[in-house]
Amino acid sequence: MPADVKICGLSTPETVEAAIAAGADLIGLVFYPKSPRNVSLEQAAALAAQARGRAKIVSLVVDAEDATLREIAARVAPDLFQAHGSESPERVGEIARLTGKPVIKAVRVKEAVDIVAAAAYSTVASLIMYDAKAPETLGNALPGGNGHAFDWGLLDNRKRPPFMLAGGLTPANVAEAIRVTGAPIVDVSSGVESAPGVKDASLIRKFIEAAKRPR
């Protein structure tokens, strides 16, 4: 079965349209000022209106405060929130209750123990996203979108609840990543960019084609 695809970090009407036209199932809007993909509430509301009913809308936040979450929920009305910071299981549950929306929890992976630890979120998050832990040598690392992959063999196609796979995925490697892990949903940001924060419509199309190619 082809994987669902989330294109994250979209910030222009043109790239939202390119993602949806290419078959994206989810689009991600980033609310993190340090990210080159950050969008304002005004931008996000317009992009969400463009995508609504055509793809699921995901608002990515990083250790966001209650007031910020409420404002995003009210003005953007996403289908899901994505907690991409150091949120505890208790905080993830609070985000779901506060916003009334399902929450994706991103967990940074380097070793098998990181995947084991992710189980703590299984009762409060609607989906776990396994993302790559940034190398310690990487300066100015972001919570996500750093373009690094982890060892997919740590997931190894084992039976587990539905999850998302992220971290270093590109049009060239996404099919292999799905084959190894059995990921039902894949997420990409920097892997479809021509420069940090600048999405490339051609790369988006190639990524989605590769992810959805029959296996």
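Each chain has its residues counted from 1, following the order in which its sequence is written. Per-residue local features are limited, in this predicted model, to residues with pLDDT of at least 70; the limit for side-chain atom pairs, both in listing and counting, is 80 or more; totals at the level of whole chains, interfaces and linings are taken over all residues. No hydrogens and no water enter the side-chain calculation; it runs on all heavy atoms of the structure.

### Things to note about the packing of helix α1 (residues 13-22) against helix α2 (residues 41-51)
To characterise two packed helices, one gives the angle between the axes of the helices and the distance between these axes. Axis definition: a line fitted to C-alpha atoms, limited for helices to the stretch in contact. Angles are taken between N-to-C directions and run from 0 to 180 degrees. Labels follow the DSSP assignment, with helices taken as runs of H or I lasting at least four residues and strands as runs of E lasting at least two, numbered in each case from the N terminus. As a packed pair, α1 and α2 sit with axes 10 Å apart at the nearest point and diverge in direction by 30°. Considering their axes alone, α1 and α2 lie roughly parallel with respect to each other. Like other packed secondary-structure pairs, α1 and α2 cross with a definite hand, here right-handed. Where α1 abuts α2, its residues P13, V16, E17 and I20 lie against L47, Q50 and A51. Basically, the charged four are Asp, Glu, Lys and Arg, the nonpolar ten are Ala, Val, Leu, Ile, Met, Phe, Trp, Tyr, Cys and Pro, and anything else, Gly included, counts as polar. Here the contact of α1 with α2 is built from residues that sort into five nonpolar, one polar and one charged. The scheme is simple: roughly parallel for angles under 35 degrees, roughly antiparallel for over 145, roughly perpendicular for 65 to 115, oblique for anything else. In this scheme the crossing of two helices becomes right-handed for a clockwise turn of the near helix relative to the far one and left-handed for an anticlockwise turn of less than a right angle. Pairs of residues are marked as contacts when any of their non-hydrogen atoms sit within 4.5 Å.

### Quick notes on the environment of I72
Its place among the elements puts I72 in helix α3 (residues 66-75). The sequence separation of I72 and A44 amounts to 28 residues, and the corresponding C-alpha distance is 8.7 Å. With near-sequence residues (within four places) excluded, I72 lies in contact with F31, L41, S59, V61, A77, P78 and F81.

### Details of the side chain of E87
Positionally, E87 belongs in the loop between β4 (80-83) and α4 (89-99). Burial here depends on accessible area, computed with a 1.4 Å probe over protein chains only, as a share of the maximum for the residue type. Under 20% is buried, over 50% is exposed, and the range in between is partly exposed. Residue classification places E87 among the buried residues on the basis of a relative accessible area of 3%. Any pair of nitrogen or oxygen atoms within 3.5 Å is treated as a polar contact; in protein, a donor-acceptor pairing is required on top of that, and neighbouring residues in sequence qualify only through side-chain atoms on both sides. For E87, the side chain forms a polar contact with the main-chain nitrogen of D63, separated by 2.8 Å. A polar atom in the side chain of E87 sits 3.3 Å from the side chain of K105. Filtering out sequence-adjacent residues up to four positions away, E87 remains in contact with V61, V62, D63, V92, I95, K105 and Y121.

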